[in-house]
Amino acid sequence: MWQIAAVVVSGIIMWWQWDNIVIALQGKRLAVLGARRTGKTSLLSFLTTGSIPSDYAQTTSTEKVQKIRKKLKELDLKIKKCNDVSGDTAAYAEWKEEFDQADLVLYLLRADKILMGDEGAKKRFEADIYHICTWSKDEANKDKKIFIIGSHCDNDESFKKKPKGDYLDEFNHLEIIEKMKRKLVNECGGGNIKVILGCMDTNENAEKLVMDIFKQVVS
Amino acid sequence: MKDKLILWAQALDNLSPDHFQMRGLELEIDNSNDRQEAVSLASKVTKFGVCIFDNGGVKLTIYRQHFVVKVLSIERDCAGRLAPIICYGGYSTDSDINTISDSVAAAIGEFALKIGRNIQSEHVELIRDSFKKLKKKLIVKKKIMIFFIVVIIILAILLMMVARDHQ
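Described in the following lines is the structure provided in the data block. Here the structure is a predicted model, which means the values were calculated and not measured.

### Examining the nonpolar core
Residues and elements named next belong to chain A. Core analysis: the largest hydrophobic core is formed by 45 residues, its most contacted members being L33, Y107, F125 and L184. Counting residues per element, this core draws most heavily on helix α5 (residues 119-136), which supplies 6 residues. In this view, F125 contacts Y107, L109, I114, I148, I176, I177 and M180; residues no more than four positions away in its chain are not counted.

### A look at the pairing of strand β1 (residues 6-9) of chain B
Residue and element names in this part refer to chain B. Neither face of β1 is exposed, since I6 and W8 on one face and L7 and A9 on the opposite face are all buried. Relative to strand β2 (residues 19-22), β1 runs antiparallel, the two sharing 4 bridges. Pairing of A9 across the sheet is with H19, part of β2.

### A few points about the interface of chain A and chain B
Across the boundary between the two partners, chain A contributes 23 residues, which contact 32 residues of chain B. The contact between chain A and chain B buries some 2,300 Å² in all, and 46% of this surface belongs to carbon and sulfur atoms. If you sort the residues of chain A by the area they bury against chain B, R36, Q58 and T60 of chain A come out on top, with a joint share of 32%. Taken together, chain A and chain B are joined by 5 salt bridges. Across the pair K47 of chain B and E94 of chain A runs a salt bridge whose closest N-O atoms are separated by 3.2 Å. Linking chain A with chain B are 17 residue pairs in polar contact (both at pLDDT 80 or more), by the criterion used here. Looking at the side of chain A that touches chain B, the elements with two or more residues in it are β2 (63-65) and α3 (92-101) of chain A. In terms of residue count, the dominant contributor to the side of chain A that touches chain B is α3 of chain A (4 residues). Across the side of chain A that touches chain B, the residue classes tally to 6 nonpolar, 8 polar and 9 charged.

### Notes on a positive patch on the surface
Residues and elements named next belong to chain B. Side chains of K133, K136, K137 and K141 sit close together on the surface and give a patch of like positive charge. Position of K133 relative to the elements: it lies in helix α3 (residues 121-166). Judged by its relative accessible area of 43%, K133 falls in the partly exposed class.

### Concerning the sheet that holds β1 of chain B
Residues and elements named next belong to chain B. Taken together, 7 strands build an open sheet; the order of strands is β3-β2-β1-β7-β6-β5-β4 and the sheet is antiparallel. Two strands bound the open sheet, and with one partner strand each, they are β3 (25-26) and β4 (50-55). Most of the contacts of helix α2 (residues 97-114) go to strand β7 (residues 82-90), to which it runs at about 140 degrees, and overall it touches β1, β2, β6 (66-76) and β7.

### Here we look at the packing of aromatic side chains
Residues and elements named next belong to chain A. In total, this model carries 9 aromatic pairs over all chains according to the counting rule given. Judged by centre distance (6.3 Å) and plane angle (70 degrees), the ring pair of Y92 and W135 falls under edge-to-face. Of this pair, Y92 sits in helix α3 while W135 sits in helix α5, and the two are 43 residues apart along the sequence. Judged by its relative accessible area of 6%, W135 falls in the buried class. Relative to F125, the ring of Y107 has its centre 5.8 Å away and its plane inclined at 15 degrees; by these criteria the two rings are stacked. Here F125 lies in helix α5 and Y107 lies in strand β6 (residues 104-110), a separation of 18 residues in the sequence.

### A short note on the side chain of D84 of chain A
Residues and elements named next belong to chain A. Structurally, D84 can be placed in strand β5 (residues 82-84). Buried D84, no salt bridge; nearest opposite-charge side chain is K40, N-O distance 6.0 Å. Among the polar contacts listed, one links the side chain of D84 to the side chain of T59, at a separation of 3.4 Å. Among residues more than four places away in sequence, those in contact with D84 are K40, T41, L44, T59, S61, T62, E63 and V65.

### Describing helix α7 (residues 164-172) of chain A
Residue and element names in this part refer to chain A. All buried positions along α7 are accounted for by Y167, F171 and N172. Buried residues along α7 cover an arc of 130 degrees about the axis, so they all sit on one side. Considering only its buried residues, α7 is in contact with α4 (111-116), α6 (157-161), α8 (175-188) and β8 (194-197).

Each value, and the rule that gives it
Residues numbered from 1 in each chain as written. Chains lettered and ligands numbered in written order. Predicted model: local features only at pLDDT ≥ 70, side-chain atom pairs only at ≥ 80, totals over all residues. Heavy atoms only, no water. Core = buried A, V, L, I, M, F, W, Y, C linked by side-chain atoms within 4.5 Å. Buried < 20%, exposed > 50% of the residue type's maximum accessible area, 1.4 Å probe, protein only. Helix = DSSP H or I, 4+ residues; strand = E, 2+ residues; numbered from the N terminus. Contact = heavy atoms within 4.5 Å. Pairing = 2+ DSSP bridges. Buried area = accessible area lost by both parts, 1.4 Å probe. Salt bridge = Lys/Arg side-chain N within 4 Å of Asp/Glu carboxyl O. Polar contact = N/O pair within 3.5 Å; in protein donor to acceptor, adjacent residues only side chain to side chain. Nonpolar A, V, L, I, M, F, W, Y, C, P; charged D, E, K, R; others polar. Patch = residues over 30% accessible without salt bridge, like charges linked within 9 Å, V, L, I, M, F, W, Y side chains within 5 Å. Areas by Shrake-Rupley, 256 points an atom, 1.4 Å probe, with all protein chains shown as cover. Lys, Arg positive; Asp, Glu negative; His and termini not counted. Charge placed at Lys NZ, Arg CZ, Asp CG, Glu CD. Axes fitted to C-alpha atoms, helices over the stretch in contact; angles between N-to-C directions. Phe/Tyr/Trp six-rings, centres within 6.5 Å; stacked < 30°, edge-to-face > 60°. Arc of directions from axis to C-beta.

Structure representation (C-alpha cells):
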C-alpha cells in the first residue's frame, strides 16, 4: 500500500517538475559559452539531434544552430534557435551578442582540468567570468540565469567512485569556484549561481547532464 | 586580392591562441582588436549567410557580397577533432570569380603551410568547384536582373503607346 502511494507521489512530483521545466524553458533562448574543447558543440548537438556527434570539427566562425526541440522522457521542449560560437578569446564579441540575446546562459568549463589544478584552465575561467560580469552590468542583462557546467568529469577517476552530491560539494568548495561564484553573485547582482557537473562521453551521460541542467532551471 | 582575405584556424593543441592572417600579415597574440574583428566578420557571414556549397569537407557560405570558405585540413586537433581553415573575403557582381577562386585556393595553401598544416589536393579542387557554383549563381542573378529590366522597359513602352492612343 505504502509502495503504491510512494510511486503515485513520486509520479506527481515528476509530472509537476516536468511541467515547471517546460514553463521555464519553453520558447527561451540559450547561450552556450565556454573555452575551446569544453563541449559546447556536443551539448548543442545533443540538444538538437538527441545524440553526441561521433566525428566533428573545431568550431571556428559562429555556426547557426536550428531550433531546439528536445524530447527527453516525458519532456517535450521547444527552445529558440541559437548559435555555436568559437571558444577562442578573440570571439568574446560573439559571446557578448549571444549573452545579450539569451534568457539562460550555460557556461561550460573543463571540470577535470579545474580539479587537477590546471593553471591555464583556471586563468581562462577567471577571464571568462570577468567578461560575463562586465556584460551582466547592462540593465537588460540583470538577473540573467547563469549556469556553470563542469564537463569532462569522466576524465576524473573519483567522479565514478564518489556519490554525486559529495563530488559536487567538493567541486563547489574549490577556491576558484567559490571565488568566481562570489564574483558572479556580487557583481552581476544575480541570485544563486548554479553549478552542474557531468560528462558527454556517451549519449546516456549527455542526457543525464541535460536533465540535471533542466532540473536546476526550476529549482 | 590575397591581401584582402582573412585567414583563420584554431590551434591543434587547443591551448595556443588561434592563428589569424589579415591584410597579408599574421596577427599577433596581443592584437585583440584585429583578431576580434576577423572573428566578427567571418562569423557574420556564417551566422546570417546562405551555404551554397557543402561537399567533401569544403563549405562556401555567402552573405551580402562576402564569402567564407571552410576547408578541412588533413591534420586533426589533439582531441581528434577535424581542424578547418577559414577564409573570408569579398566579391561584387562584376568580380572575376575565377581570379578570386585562384587567390583563395593559393592563400589557403600558403596559410596552411605557414601554420604547419596540409590541405588535400582534392580539397583545392573543391574550393574551385565551390566558386564555380558562386559564379553560376551570379550569372543567374544577372540574367534575372536583365530580364526584369527588359520587362520594365517593355511595360513602360506599352504604357506610353496606350497613353498616346488615348490622346
